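Analysis of the macromolecular model
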Amino acid sequence: MGQAIEPASGVRRRTVLAAAGALALGAAGLTRADEATAATASGRVVYNLNPDWRFVKQDDVANAQAPSFDDSAWAAVSVPHTFNDVDSFDNYITSSGESAVAMQPVWYRKRFTLPAAHAGQKVLLEFEGVRQAATVYVNGTQVGLYEYGVTPFGFDITGQVLFGAENVIAVKADNTKWRPEQSTGTAFQWDTRDFNPTYGGLTRNVRMYVLPRTYFTLPLYTNLRTVGTYVYPSVVNVSGATATVNVEAQVRNEQTSARTVTVSANVVQADGQVRATITGSPVTLAAGQTQIVKLSQRISQLRFWEPGRPYLYTVEVVLSEGGTVLDAYPIVTGFRKAEFKGGTSGGGVHINDKHVFLTGYAVRATNEWAAIGAAVPEWMTHLDGEMIRDSNANLIRWMHVATTPANIRMTDRYGIVSVQPAGDKESDATGRQWEQRVELMRDVLIYFRNSPSILFWEAGNNWITADHMRQVTDLRKTWDPNGGRAMGCRAISDDSAYGGTAAVDAAEYVGTMLNRHYSAYARDRKPIIECEYTRDEAPRRVWDNYSPPDFGYVTGPDVTYHLTSEDFAGPHAAATRYEFWGQRIQGPGDRRYSGAAALVWADSNQHGRQYNWECARLSGRVDAVRIPKESLHTFRVMQSPIPDIHIIGHWTYPAGTAKTVYVMASSHVRRVRLLVNGAQVGDDTSATQDFLYSFAGVGWQSGTITAVGYDAAGQEIVRASKTTTGAATALRLTPRTAPGGLRADGSDIAFFDVEAVDAQGRRMPTHQARVDFTLTGPAAFLGGFNPGKPGSVHKPYLDTEAGVNRVFIRASRTPGTIALRATATGLTAATASVTSVSFAVTAGLTTQLPATY
């Protein structure tokens, strides 16, 4: 799994003394890959088209789609790629109030040669998404237009490609804000940067499928009008480890005569062993016919998918004719049982016959990183999954627009329940704008309906009418009738101003925000999910009002967000979470909530900043480069299924400091004692909001501070300590790559953590000073991010914050050793290196898939 991302300075890994009944949160049950390849040989070939594109940040390029066009002066890039990572995470505001991030049409071109042996086969393109529109040409001919901005899409290019000769794909991508639909002139409601950052370019994977003329379709409805294969369990017996596995495979015959074919399915375990093979009866398809072929079989000794134990299978559907395999198509999925119940007794969400309180984060669908933007390698997306899982969260509510396939592959793999929207802003819509939302929801349902982590489809970020709610619920019943998922919406209630009782009745779950629009009518009938609580912010670099260099921290004028990291992680976190934790379903009293998601996971490039305060929204549990804030540790504790404890802050203060020390302890703890250098300085038996213990007036002494947690019987069950560090004497660089190493594919990323450490190698938690970087070798230096400094990304320097920061490099297409040197005034310099490995591409094509984790 790679090395762990380290906690804040001075943290000693907590010791759990009693872990009876602990939930298994390790790697058990994870598949060996997230993008499966078929084990059965067939006529299907999948090419990874990510490497070796040409790019220009320009609109009016005459004849850029023409095969003969000279693109040699354009930049050489690989996908995922974005062109405005250099001007994002910057609080510079234009006169119109818009953040000054590039929004414009741009061009990409790729050359490749299909082997002559493929002649006569079907050829399809798949893009995992683009923001907001893409006009695609093949060999100078326009093959299609995509404008929805968030979903995967595809084109049939069979009639345009050449076999045994060079081909050119040209894409005009356009992230211009409020670009209207070309055919109607209607703007897409969700095309707005405040909730949907405008990262432009080919920011997601691109594939090409070469298929036999009778084949399994792709789940890409817009343009291709195909629905792929739907896999789901039924009659699930959890205790008996048995279920009926159902397969509905769409098969298309594009040959000139009828074909009699057989569809079968191999259910493959994570270890590669075939658990079962389901075989269907022969089916005759007329020339040009498309048909859904259904299979089912009772299978025993199954392992089920659930949070904490996210077991995944690959269901490989196989299409044969006369004993010869034509096509084989793998689907990574998981089997589970899900029930959604209203009411205060026995209500809530039940997964595999167990009540599960859902707890986690509301995350922007782009889930971008500073310095990289939305062009994030998939292995780094999986770092998010690892950290979210390790914080004991089991829920992500993706916000406003459908999140990426990579993010859903991540939640599938790490056992994190997802709420997946389609697209909206913050209101209902009418006319063509509502039709656009329905069409987008249809595409989302079809593409993602095999993902076990998705339990909820979100029809809107705010209330919609009863008629609209019925329409999208019927859409779910049409395209995902058996997947164990619910359709709902945020803010619906029995109040006529928010949909009314008819809308509640039409929904299958109800979302709230900051406890708004809550209704007893909804509570008694539907599961209630708090979609977005705690909206305050705090920079990671500001520990508290007693730590240099930010004594007495204040924000800019007219800004309501003013918390230190300590405030944000302690009193604020406990108070905001308790509102929903304390009223969770399954317990005595007026219980109402089935789950709750805190805003957000990572600091993000959203909403812009108008007060010259910070360059990003700072509501994250981690910062914009995924370095943990104190908030991550306190949420880990509050969400922990086993005893856990955390001292908020550090223990390296100026002499004479006396302050309140906050300790967060899990709900198993009933008493906390605080020790400094072994002597007790506090004893608290009355937690605030179940989790927070406060110790006022603690005088700082150099050494060790320890918090000891006791259960109701007075037995010690957990403890944690932090130590004083000395003055910083040196820098330390720690590199991180994908587990398989850095690939020289032109898009892969490595990052380096830079720390200011004392003579004993301990991170100095109050160090904040400039570090300069020098890179040698075949890579581009992308830099890092300081949220309080406009324009800090893509610079050869940055400041440490709380003793640490992170910088990124992007591999070129040339393999080799890449060395980074870091220097800072008064500190011993540091050097670290990584070696990128060759990534072979032949005639513009490779079957090696993008790196996962």
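Scroll up a little and you will see the structure.
The structure presented is a predicted model; accordingly, all values stated were derived computationally and were not measured.

Procedures and definitions
Residues numbered from 1 in each chain as written. Predicted model: local features only at pLDDT ≥ 70, side-chain atom pairs only at ≥ 80, totals over all residues. Heavy atoms only, no water. Helix = DSSP H or I, 4+ residues; strand = E, 2+ residues; numbered from the N terminus. Rg over C-alpha atoms; globule rule 2.2 N^0.38 Å. Buried < 20%, exposed > 50% of the residue type's maximum accessible area, 1.4 Å probe, protein only. Axes fitted to C-alpha atoms, helices over the stretch in contact; angles between N-to-C directions. Parallel < 35°, antiparallel > 145°, perpendicular 65-115°, else oblique. Left-handed = near helix turned anticlockwise from the far one by under 90°. Contact = heavy atoms within 4.5 Å. Nonpolar A, V, L, I, M, F, W, Y, C, P; charged D, E, K, R; others polar. Pairing = 2+ DSSP bridges. Phe/Tyr/Trp six-rings, centres within 6.5 Å; stacked < 30°, edge-to-face > 60°. Lys NZ or Arg CZ within 6 Å of the ring centre and 35° of its normal. Expected span 1.5 Å × (residues − 1). Polar contact = N/O pair within 3.5 Å; in protein donor to acceptor, adjacent residues only side chain to side chain. Core = buried A, V, L, I, M, F, W, Y, C linked by side-chain atoms within 4.5 Å. Salt bridge = Lys/Arg side-chain N within 4 Å of Asp/Glu carboxyl O.

To continue, consider the overall build of the chain. When helices and strands are counted, the chain shows nine helices and 49 strands. For 853 residues, the compact-globule estimate of 2.2 N^0.38 gives 29 Å, and the chain sits close to it at 27 Å. Counting only C-alpha atoms and orienting by the principal axes, one finds that the chain spans roughly 90 × 65 × 55 Å. Burial analysis of the chain (853 residues in total) assigns 63% to the buried set.

Between helix α3 (residues 431-448) and helix α4 (residues 466-479), the least distance of the axes is 10 Å, while the angle of their chain directions is 25°. With respect to each other, α3 and α4 are oriented roughly parallel. Taken as a pair, α3 and α4 cross one another with a handedness that is right-handed. Residue-level contacts link W434, V438, M441, R442, L445 and I446 of α3 to H468, Q471, V472, L475, R476 and W479 of α4. Among the residues forming the contact of α3 with α4, the class breakdown is eight nonpolar, two polar and two charged.

A separate point is the sheet that holds strand β30 (residues 486-490). The sheet built from eight strands closes into a barrel, its strands ordered β26-β27-β28-β29-β30-β31-β32-β33 with parallel pairing. Looking at each pair of strands side by side, their axes are set apart by 25° on average, direction ignored. For strand β26 (residues 358-364) and strand β33 (residues 593-599), the ladder comprises five bridges, and the chain directions are parallel. Paired with Y361 across the strands is A598, a residue of β33.

This brings us to the packing of aromatic side chains. Counting across every chain of the model gives 32 aromatic pairs. A centroid spacing of 6.0 Å and a plane angle of 50° characterise the contact between Y146 and Y148, whose relative ring orientation is tilted. Neither residue differs from the other here; Y146 and Y148 are each classed as buried. An aromatic cluster of three or more residues is present, and its members are F127, Y146, Y148, F153, F155, F188 and W190. Lying over the aromatic face of Y329, R44 brings its terminal NZ or CZ to 4.6 Å of the ring centre. Over the ring of Y797 we find R770; its NZ or CZ atom is 4.0 Å from the centre of that ring.

What follows covers the sheet that holds strand β11 (residues 206-211). Strand order in the open sheet formed by four strands is β2-β11-β6-β9, with antiparallel pairing between adjacent strands. Among the strands making up the open sheet, the edge pair consists of β2 (45-48) and β9 (153-156). Taking the axes of each pair of neighbouring strands and ignoring which way they run, one obtains an average angle of 20° across the sheet. Pairing geometry for strand β6 (residues 122-127) and β9, over four bridges, is antiparallel. By the bridge assignment for β9, E126 is matched with G154.

A few words on α3. The terminal C-alpha atoms of α3 lie 26 Å apart, and with 18 residues this matches the ideal 26 Å at 1.5 Å per residue to within 8%. Taken across its 18 residues, α3 has 14 buried, putting it largely inside the fold.

Burial of helix α2 (residues 405-414) is extensive: ten of the ten residues sit out of reach of the surface. Burial in α2 covers these residues: P405, A406, N407, I408, R409, M410, T411, D412, R413 and Y414. Of the residues flanking the end of α2, it is G415, one or two places downstream, whose phi is positive at about 70°.

Once that is clear, we can look at the side chain of S264. Looking at where S264 falls in the secondary structure, it is placed in strand β15 (residues 259-268). Apart from residues lying up to four places away in sequence, S264 is in contact with I278, T279, L295, E316, V317 and V318.

So, about the pairing of strand β10 (residues 166-174). Judged by how many residues are buried, β10 sits mostly within the fold: seven of nine residues are covered. The sheet contact formed by strand β5 (residues 105-113) and β10 spans nine bridges and is antiparallel. Residue pairing in the sheet places R109 in a bridge with A170 of β10. Relative to β10, strand β7 (residues 133-138) runs antiparallel, the two sharing six bridges.

The next thing to look at is the side chain of N48. Relative to the assigned elements, N48 resides in strand β2. Side-chain polar atoms of N48 contact the backbone oxygen of Q848, separated by 2.9 Å. Apart from residues lying up to four places away in sequence, N48 is in contact with V206, F839, T846, Q848, L849 and P850.

Our next topic: the nonpolar core. Counting residues in each nonpolar core, the largest one holds 108 residues, and the members touching the most others are Y108, M208 and M469. For this core, the element with the most residues is α3, which contributes eight residues. With 31 residues, the next largest nonpolar core counts V231, V245, A276 and L285 among its residues.

We now examine the packing of helix α8 (residues 571-581) against helix α9 (residues 630-638). Any two packed helices are characterised by the angle at which their axes cross and by the distance between the axes. Where α8 contacts α9, the two axes come as close as 10 Å, and the packing angle between them is 40°. The handedness of the crossing between α8 and α9 is right-handed. Contact residues: α8 offers A573, A574 and R577, while α9 offers T634, F635 and M638. A per-class count over the contact of α8 with α9 returns four nonpolar, one polar and one charged.

Our focus in this paragraph is the pattern of salt bridges. On inspection of all chains with the given rule, the structure shows 53 salt bridges. With a closest N to O distance of 3.0 Å, K172 and D59 form a salt bridge. You can see K172 sitting in strand β10 and its partner D59 sitting in the loop between β3 (53-56) and β4 (75-77), a full 113 residues away along the chain. Judged by relative accessible area, K172 falls into the partly exposed class, the value being 28%. The class of D59 is partly exposed, set by a relative accessible area of 33%. Salt bridges sharing partners connect three or more residues here, namely R397, E426, E458, R490, E532 and R535.

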